Protein chains: 2
Amino acid sequence: MSTTPSTPLLKDELDIVIPTIRNLDFLEQWRPFFEKYHLIIVQDGDPSKVIKVPEGFDYELYNRNDINRILGPKASCISFKDSACRCFGYMVSKKKYIFTIDDDCFVAKDPTGKEINALQQHIKNLLSPSTPHFFNTLYDPYREGADFVRGYPFSMREGVKTAVSHGLWLNIPDYDAPTQLVKPRERNTRYVDSVMTIPKGTLFPMCGMNLAFDREVIGPAMYFGLMGDGQPIGRYDDMWAGWCTKVICDHLNLGIKTGLPYIWHSKASNPFVNLKKEYNGIFWQEEIIPFFQTATLSKESTTVQACYIELAKQVKEKLSKIDPYFTKLADAMVTWIEAWDELNPTGENLAKLSISSKK
Amino acid sequence: MSTTPSTPLLKDELDIVIPTIRNLDFLEQWRPFFEKYHLIIVQDGDPSKVIKVPEGFDYELYNRNDINRILGPKASCISFKDSACRCFGYMVSKKKYIFTIDDDCFVAKDPTGKEINALQQHIKNLLSPSTPHFFNTLYDPYREGADFVRGYPFSMREGVKTAVSHGLWLNIPDYDAPTQLVKPRERNTRYVDSVMTIPKGTLFPMCGMNLAFDREVIGPAMYFGLMGDGQPIGRYDDMWAGWCTKVICDHLNLGIKTGLPYIWHSKASNPFVNLKKEYNGIFWQEEIIPFFQTATLSKESTTVQACYIELAKQVKEKLSKIDPYFTKLADAMVTWIEAWDELNPTGENLAKLSISSKK
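Residues numbered from 1 in each chain as written. Chains lettered and ligands numbered in written order. Predicted model: local features only at pLDDT ≥ 70, side-chain atom pairs only at ≥ 80, totals over all residues. Heavy atoms only, no water.

- Looking at an unreviewed UniProt entry, chain A carries the name UDP-arabinopyranose mutase, with the source organism given as Lithospermum erythrorhizon.
- Turning to chain A, the UniProt record has this under Function (unreviewed entry): "Probable UDP-L-arabinose mutase involved in the biosynthesis of cell wall non-cellulosic polysaccharides."
- Under the Subcellular location (unreviewed entry) heading, UniProt states for chain A: "Golgi apparatus". (UniProt positions renumbered as here; feature names shortened; annotations may be inferred.)

What follows is the structure, encoded as structure tokens:
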């Protein structure tokens with residue numbers, strides 16, 4: 001298929017969301033690629049701490065006090081002391097696209113030694129269609145030098161709108177605590193030059209380290225759940241968002257791509273600390289996955305918000321038996337959507353707001 | 001996951017099947033990799049023509065007269081004047097594994113310039129499990145230097161038995177006639193260093209050019225249909241086998257891998273001739289694909305043969321309305337299984353044969 005030769009920058013249409021607890025020195029390496037963009041920094045932990053941002057970057061920064069002030073009681077849906085807080089940034093953004101990256105991720109190099117402009121590749125992924133209904137053996141058919149292979153149905157070659165671009169990591173792979181413990185020295189050195197669509201009906205582990213999405217199209221599904229302070233679970237924030245997002249994308253005929261771009265993940269987190277955060281998730285997951293694999297949404301749910309509310313209801317009904325945590329999570333999912341709609345009034349929501357303010 | 005450091009050769013357990021109409025000079029390049037294996041050459045077209053095989057190869061050769069002699073009236077299920085005839089080789093083999101390759105495929109080189117031992121990679125793929133139930137973003141988790149990423153359910157990490165290994169092509173990509181016509185100069189130069197499982201419930205276009213499978217496990221599903229001489233369709237032989245095989249693998253909890261190894265595909269076939277062969281398939285396919293996407297097999301079908309017979313019945317019922325060809329094809333599918341069981345008597349089949357011979 002023909003591809004756009006040059007990728008648009010989208011600099012007025014994209015925000016970069018960074019959750020952090022420390023000075024953002026890592027941005028120095030990203031300067032040539034990020035400086036033109038607006039950053040939304042979500043400061044986690046102690047709000048009195050001052051986070052230094054290298055000069056020349058255009059940013060807004062929110063700490064816990066800001067989150068509480070802006071959302072009021074609804075701030076309860078935003079995690080504290082966990083990078084899950086990043087989803088607050090998705091909510092306050094006014095842009096069409098979001099790119100989110102962890103502050104221990106650096107610029108990777110391709111096999112020729114060239115620095116990879118990760119953001120540019122995400123934009124490429126988001127601006128070209130996805131193919132969730134049939135597998136193409138030469139990977140992304142919309143890439144330059146590639147196409148649909150013999151036997152690919154012609155009626156499916158238009159593809160569907162891409163909602164999410166999931167990037168990967170060189171150096172430290174995104175492993176769970178048990179795998180980290182068993183393979184402390186494993187590094188990812190394999191550069192796989194491919195982008196592909198996750199097929200319809202298939203779940204995947206979505207990592208929040210290097211992720212971009214079309215906020216207008218799928219934003220309200222990108223809730224990173226209740227993790228960290230006061231919660232019985234951590235490190236499942238992006239997974240939760242990924243499972244919900246995948247089920248909703250499948251329902252709404254949207255695509256999710258994975259593969260390029262790579263970033264350089266510099267530092268493995270502490271596997272002992274991770275195990276403590278993960279252990280509940282590790283076995284809860286064995287019931288959560290079948291739930292999401294079989295979850296279906298009704299035809300009436302035609303917006304992301306409606307899908308998400310329907311999913312929250314199913315979570316409460318079917319997962320609360322695992323642990324009371326899921327009742328709390330299901331409620332937080334609803335709160336998240338209410339807060340989203342408050343901060344992002346659409347035509348319909350504006351009407352509702354104006355009615356309620358007249359009361 | 002831990003991987004076997006050295007790949008077994010399986011030289012007494014694998015046959016290489018080559019359909020051809022010409023002298024097999026291409027084998028010279030493959031000599032270091034193929035010489036230890038037994039070849040089954042299926043000669044297509046004029047049986048009086050003598051096919052030269054380079055010295056030193058261990059082979060058996062079957063021409064049309066042989067096929068007719070061995071199968072009798074059942075030879076009608078084997079295509080003539082089409083490389084679909086290759087599946088006769090699968091049937092007469094007595095080995096556990098099959099590797100099939102086209103005679104215009106040569107040894108490819110990896111990005112470091114090293115010649116790729118395609119067969120060795122296929123064996124690696126077949127001997128390690130597949131993961132059709134959940135997507136692993138770092139591709140094959142069983143490869144050296146890779147593993148399951150965070151969020152991959154632990155209960156699914158054993159994987160399932162791999163039945164098929166689908167290899168790819170550098171240089172001339174496997175395009176349909178319309179794409180060949182539109183992009184006569186496109187070459188595949190992208191070496192994607194990955195092997196992955198095609199997820200459950202997702203169909204793919206299986207190409208017969210560079211393909212290996214576990215004959216004991218999935219052999220009877222690898223029927224390449226009725227193509228070529230006297231048939232209204234060509235170039236859908238491997239696609240047909242792929243669709244049937246995928247549905248049956250999904251039903252029997254078997255895996256199909258695609259990606260490495262690459263071969264060097266030297267010559268594009270004539271797009272005008274191809275269009276003539278393909279045009280029926282191109283639009284029939286639009287009904288065939290939804291048929292296979294929704295096909296389900298009954299719990300009672302626990303063997304590949306039983307699944308295949310059930311699928312043949314469904315083909316007759318649901319696809320015959322497209323064209324009378326599908327009635328003929330469905331009958332040929334049944335004949336194929338009868339012929340397979342005759343040539344490959346298992347314990348159960350042996351019992352049946354002995355009963356019928358006593359009549």
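After presenting the structure, the write-up continues.
1. Points about the UniProt feature "glycosylation site" (unreviewed entry) in chain A
Inference 1: Here the UniProt-annotated "glycosylation site" (unreviewed entry) positions come out as Arg-150 of chain A.
Inference 2: Mapped onto the fold, Arg-150 of chain A is located in the loop between α4 (118-127) and β6 (162-171).
Inference 3: Setting aside its immediate chain neighbours within four residues, Arg-150 of chain A contacts Asp-174, Tyr-175, Asp-176, Pro-205, Cys-207, Arg-235, Asp-238, Met-239 and Glu-278 of chain B.
Inference 4: Among the polar contacts listed, one links the side chain of Arg-150 of chain A to the backbone oxygen of Arg-235 of chain B, at a separation of 2.9 Å. (Helix = DSSP H or I, 4+ residues; strand = E, 2+ residues; numbered from the N terminus. Contact = heavy atoms within 4.5 Å. Polar contact = N/O pair within 3.5 Å; in protein donor to acceptor, adjacent residues only side chain to side chain.)

2. Structural notes on the UniProt feature "site: Required for activity" (unreviewed entry) in chain A
Inference 1: Per the UniProt record, "site: Required for activity" (unreviewed entry) is annotated on Arg-150 and Arg-157 of chain A.
Inference 2: Structurally, Arg-157 of chain A can be placed in the loop between α4 and β6.

3. Describing the pattern of salt bridges
Inference 1: Tallying each qualifying case throughout the model produces 42 salt bridges over all chains.
Inference 2: Put simply, Lys-95 of chain A and Asp-15 of chain A hold a salt bridge, and the shortest N to O gap is 2.7 Å. Taken together, the residues Lys-95 of chain A in the loop between α3 (87-92) and β4 (97-101) and Asp-15 of chain A in strand β1 (residues 14-20) connect sequence positions 80 residues apart. Here the two residues Lys-95 of chain A and Asp-15 of chain A agree in accessibility, since each one is buried.
Inference 3: In this structure, Lys-321 of chain B engages Glu-287 of chain B in a salt bridge whose closest nitrogen and oxygen atoms are separated by 3.9 Å. Residue Lys-321 of chain B is located in the loop between α9 (304-319) and α10 (325-343), and its partner Glu-287 of chain B is located in helix α8 (residues 271-294); the two are separated by 34 residues in the primary sequence. (Salt bridge = Lys/Arg side-chain N within 4 Å of Asp/Glu carboxyl O. Buried < 20%, exposed > 50% of the residue type's maximum accessible area, 1.4 Å probe, protein only.)

4. Section: the interface of chain B and chain A
Inference 1: In this assembly, 62 residues from chain B lie in contact with 62 residues from chain A.
Inference 2: Buried surface at the junction of chain B and chain A, summed over both partners, amounts to about 5100 Å²; 57% is from carbon and sulfur atoms.
Inference 3: Counting the surface chain B buries against chain A, the share from its top three residues, Phe-135, Arg-150 and Arg-190 of chain B, is 17%.
Inference 4: Inspection of the region where chain B meets chain A yields ten salt bridges. (Buried area = accessible area lost by both parts, 1.4 Å probe.)

5. Some words on unusual backbone geometry
Inference 1: For the bond running from Leu-260 of chain A to Pro-261 of chain A, omega is 5°, close enough to zero to count as cis.
Inference 2: If you trace the backbone, Pro-261 of chain A turns up in strand β9 (residues 255-265).
Inference 3: Backbone geometry at Arg-235 of chain A places phi at a positive 60°, although glycine is not the residue there.
Inference 4: Positive phi is not limited to glycine here, since Lys-81 of chain B has a value of about 60°.
Inference 5: For Lys-81 of chain B, the position within the fold is in the loop between α2 (64-71) and α3 (87-92).

6. Some thoughts on helix α7 (residues 237-252) of chain B
Residues and elements named next belong to chain B.
Inference 1: Given a rise of 1.5 Å per residue, 16 residues ought to cover 22 Å, and the 22 Å separating the end C-alpha atoms of α7 matches this to within 8%.
Inference 2: The buried count for α7 comes to 14 of 16 residues, which makes it a mostly enclosed element.
Inference 3: Downstream of α7 by one or two residues, Asn-253 has phi in the positive range, about 60°. (Expected span 1.5 Å × (residues − 1).)

7. Some words on the packing of aromatic side chains
To describe a pair of aromatic rings, you give the distance between the ring centres and the angle between the ring planes.
Residues and elements named next belong to chain A.
Inference 1: Summed over all chains, the structure comprises 44 aromatic pairs over all chains.
Inference 2: On the numbers, 4.9 Å between centres and 25° between planes, the contact of Tyr-223 with Trp-336 is stacked. Placement of Tyr-223 in the loop between α6 (215-218) and α7 (237-252) and of Trp-336 in helix α10 (residues 325-343) is noted, with a sequence separation of 113 residues between them.
Inference 3: Residue classification places Tyr-223 among the buried positions, given a relative accessible area of 0%.
Inference 4: On the numbers, 5.6 Å between centres and 20° between planes, the contact of Trp-284 with Tyr-325 is stacked. Pair noted here: Trp-284 is in helix α8 (residues 271-294) and Tyr-325 is in helix α10, with a separation of 41 residues, a long-range link.
Inference 5: Of the aromatic side chains, those joined through ring pairs into one cluster are Tyr-236, Trp-240, Trp-243, Trp-284, Phe-291, Phe-292, Tyr-325 and Phe-326.
Inference 6: The ring of Phe-154 has Arg-157 sitting right over it, with the charged end atom 3.7 Å from the ring centre. (Phe/Tyr/Trp six-rings, centres within 6.5 Å; stacked < 30°, edge-to-face > 60°. Lys NZ or Arg CZ within 6 Å of the ring centre and 35° of its normal.)

8. Some points on the relation of the copies chain B and chain A
Inference 1: Note on the copies: chain B fits chain A at an RMSD of 0.0 Å, the axial shift is 0.0 Å, and the rotation between them is 180°. Look at the turn and shift together and you get a two-fold axis relating the two. Identified as the residue of chain B closest to the rotation axis by C-alpha distance is Val-192 of chain B, at 2.8 Å.
Inference 2: In this assembly the copies share their binding face: 100% of the residues contributing to the interface of chain B also contribute to that of chain A. (Least-squares fit on C-alpha atoms with pLDDT ≥ 70 in both.)

9. Some words on helix α4 (residues 118-127) of chain B
Inference 1: When you tally the buried positions in α4 of chain B, you get seven out of ten residues, the bulk of the element.
Inference 2: Of all the positions in α4 of chain B, only Ala-118, Leu-119, Gln-121, His-122, Ile-123, Asn-125 and Leu-126 of chain B are classed as buried.

10. Considering the side chain of Arg-31 of chain B
All names here are of chain B.
Inference 1: Residue placement: Arg-31 occurs in helix α1 (residues 27-34).
Inference 2: Here the side chain of Arg-31 touches Glu-35 through a polar contact of 2.7 Å, side chain to side chain.
Inference 3: Discounting residues that sit within four places of it in the chain, Arg-31 has contacts with Pro-54, Glu-55, Gly-56 and Phe-57.

11. Considerations on a nonpolar patch on the surface
Residue and element names in this part refer to chain A.
Inference 1: Taken together, the side chains of Leu-181, Val-182, Phe-272, Leu-275, Tyr-279 and Phe-283 define a hydrophobic patch exposed on the protein surface, amounting to about 650 Å² of accessible area.
Inference 2: Sorting the residues of the nonpolar patch by element identifies α5 (177-182) and α8 as the ones contributing at least two each.
Inference 3: Among the elements that take part in the nonpolar patch, α8 stands out by supplying four residues, more than any other.
Inference 4: Looking at the element boundaries, Phe-283 is found in helix α8. (Patch = residues over 30% accessible without salt bridge, like charges linked within 9 Å, V, L, I, M, F, W, Y side chains within 5 Å. Areas by Shrake-Rupley, 256 points an atom, 1.4 Å probe, with all protein chains shown as cover.)

12. Some words on the environment of Asp-15 of chain B
All names here are of chain B.
Inference 1: Judged by relative accessible area, which is 2%, Asp-15 ranks as buried.
Inference 2: With 82 residues separating them along the chain, Asp-15 and Tyr-97 place their C-alpha atoms 6.5 Å apart.
Inference 3: Apart from the residues within four sequence positions on either side, Asp-15 is in contact with His-38, Ile-40, Ser-93, Lys-94, Lys-95, Tyr-97, Ile-98 and Phe-99.
Inference 4: A polar side-chain atom of Asp-15 sits 2.7 Å from a polar atom in the side chain of Ser-93.

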